[in-house]
Amino acid sequence: MNIKTVTLLMFSALIAGQANAVIIEGEFRGFVTEIFDRSKYDDAYTKFWRNLKIGDPVHGTFWYDSELAPSPTGYDPNRITYRNYGPEIPVWNGLTIFADDRVFDITQDQPDPQWSRLYYRDRGIQMEDNAFFTASTNVDGFNMINTILWHDHNSTSLQFIVRQEQGDMFKSVELGQEFIWENDDPHPFFSGGVIQKSGYSDLGIYEGEARFTVTYANGRTKENAKLNEPGVLVLMLAGMLSIAIRKKYLLKPKT
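Within any chain, residue numbers begin from 1 and follow the written order of that chain's sequence. Local features in this predicted model are restricted to residues of pLDDT 70 or higher, and side-chain atom pairs are both shown and tallied only at a pLDDT of 80 or more, whereas totals for entire chains, interfaces and linings draw on every residue. Water and hydrogen atoms play no part in the side-chain values, which are based on all heavy atoms of the structure.

1. Focus on the overall build of the chain
For clarity, the cut-off: For the purposes of this entry, the term helix denotes a DSSP run of H or I that reaches at least four residues, the term strand denotes a run of E that reaches at least two, and both are numbered from the N terminus. Pairs of residues are marked as contacts when any of their non-hydrogen atoms sit within 4.5 Å. In short, Shrake-Rupley with a 1.4 Å probe defines the accessible areas, and a residue's cover is counted only from the protein chains shown.
Looking only at helices and strands, the chain features two helices and twelve strands. Each helix and strand of the chain, placed in order from N terminus to C terminus, yields the pattern α-β-β-β-β-β-β-β-β-β-β-β-β-α. For the chain, long-range pairs separated by at least 24 residues make up 75% of all intrachain contacts whose partners lie at least 6 apart in sequence. Counting every atom, the chain has about 14,900 Å² of accessible surface; 54% of that belongs to carbon and sulfur.

The following block contains the structure:
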């Protein structure tokens, strides 16, 4: 076997060993439908929401990396969940929501390390493809959640979901699919989201929640990153090429 043949085999094996890591990014928008503020019901709590009102606009962005996602779980082949919990889990997705002139993102929720300890994180996505929803309706859907909770009860939980009747968004329940969804119905198949915050500030303890309806969302491919995955064959071929080159060099007549 000459060097040219070995090189060709190595190149072919490298091409076959490449895998696509799909990164999806997207955005959504909607409006506030419910507002909860513990200070309205308990004098021990301070006001959380500043100027938020029912009907106010909400918008957000999200992303996820299909290569870093956890293994899927679920008993329904048309409704699969990709979700993991714990203080140390991969950062494989992210969700940011803008409302009340503020930005809500679990990466920004960092209480004082002197008196706060991380309890757990929760990152998840649920995919629905022609999933049973009512006796007469099947849906496609996308649902994402991000949560962080500290031992001192500081927490942030963000979630949004979109659903479309009769399976038009996705071809399967696999991650990495692009989609566009739009519906002006106030409650289209429970498409919406929630912002939940609780904890302590200089003013005292607080707890707030806002629910919103989603009217538009999209997800698109950010990039297809090719990852080399050289297996045993590639390593063997590399060794063979090294031996062949060394042998040719040693047998070369000296001048």
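2. A closer look at the packing of aromatic side chains
Spelled out, the test is: What counts as a ring pair is set by centres within 6.5 Å for rings of Phe, Tyr and Trp (its six-membered ring), and what kind of pair is set by the plane angle: stacked under 30 degrees, edge-to-face over 60, tilted for all other angles. Three exposure classes are used, based on accessible area relative to the maximum for each residue type with a 1.4 Å probe and protein chains only: buried under 20%, partly exposed in between, and exposed over 50%.
The tally for this structure, following the rule as stated, stands at 15 aromatic pairs. Look at Phe28 and Phe160: their rings are 4.1 Å apart centre to centre, the planes differ by 10 degrees, and that puts the pair in the stacked class. Of this pair, Phe28 sits in strand 1 (residues 18–37) while Phe160 sits in strand 9 (residues 155–165); the two residues are 132 residues apart in sequence, bridging distant segments of the chain. For Phe28, a relative accessible area of 2% puts it in the buried group. Through pairs of rings, three or more aromatic residues link up here, namely Phe28, Phe62, Tyr64, Phe142, Phe160, Phe170, Phe179 and Phe212.

3. Re the environment of Asp76
What counts is decided by this rule: Distance and chemistry together define a polar contact, namely a pair of N or O atoms within 3.5 Å, with one atom able to donate a hydrogen and the other to accept it when in protein, and with adjacent residues in sequence counting only for side-chain atoms on both sides.
Examined against the element boundaries, Asp76 turns out to sit in strand 3 (residues 73–76). Spatially, the C-alpha atom of Asp76 lies 8.2 Å from that of Ala131, the residues being 55 residues apart in sequence. Side-chain polar atoms of Asp76 contact the backbone nitrogen of Asn78, separated by 2.9 Å.

4. Digging into the pairing of strand 8 (residues 137–150)
The cut-off we apply is this: Think of it this way: DSSP has to see at least two bridges between two strands before they count as a pair.
Burial analysis of strand 8 places twelve of its 14 residues in the buried class, the great majority of the element. As paired strands, strand 7 (residues 118–134) and strand 8 are joined by 13 bridges and run antiparallel to one another. Bridge assignment links Arg123 to a residue of strand 8, and that residue is Asn146. Relative to strand 9, strand 8 runs antiparallel, the two sharing eleven bridges. Residue pairing across strands places Ile145 opposite Gln159, the latter belonging to strand 9. If you look at the hairpin formed by strand 8 and strand 9, you'll find four residues sitting between the two strands, and His153 has a positive phi there, around 80 degrees.

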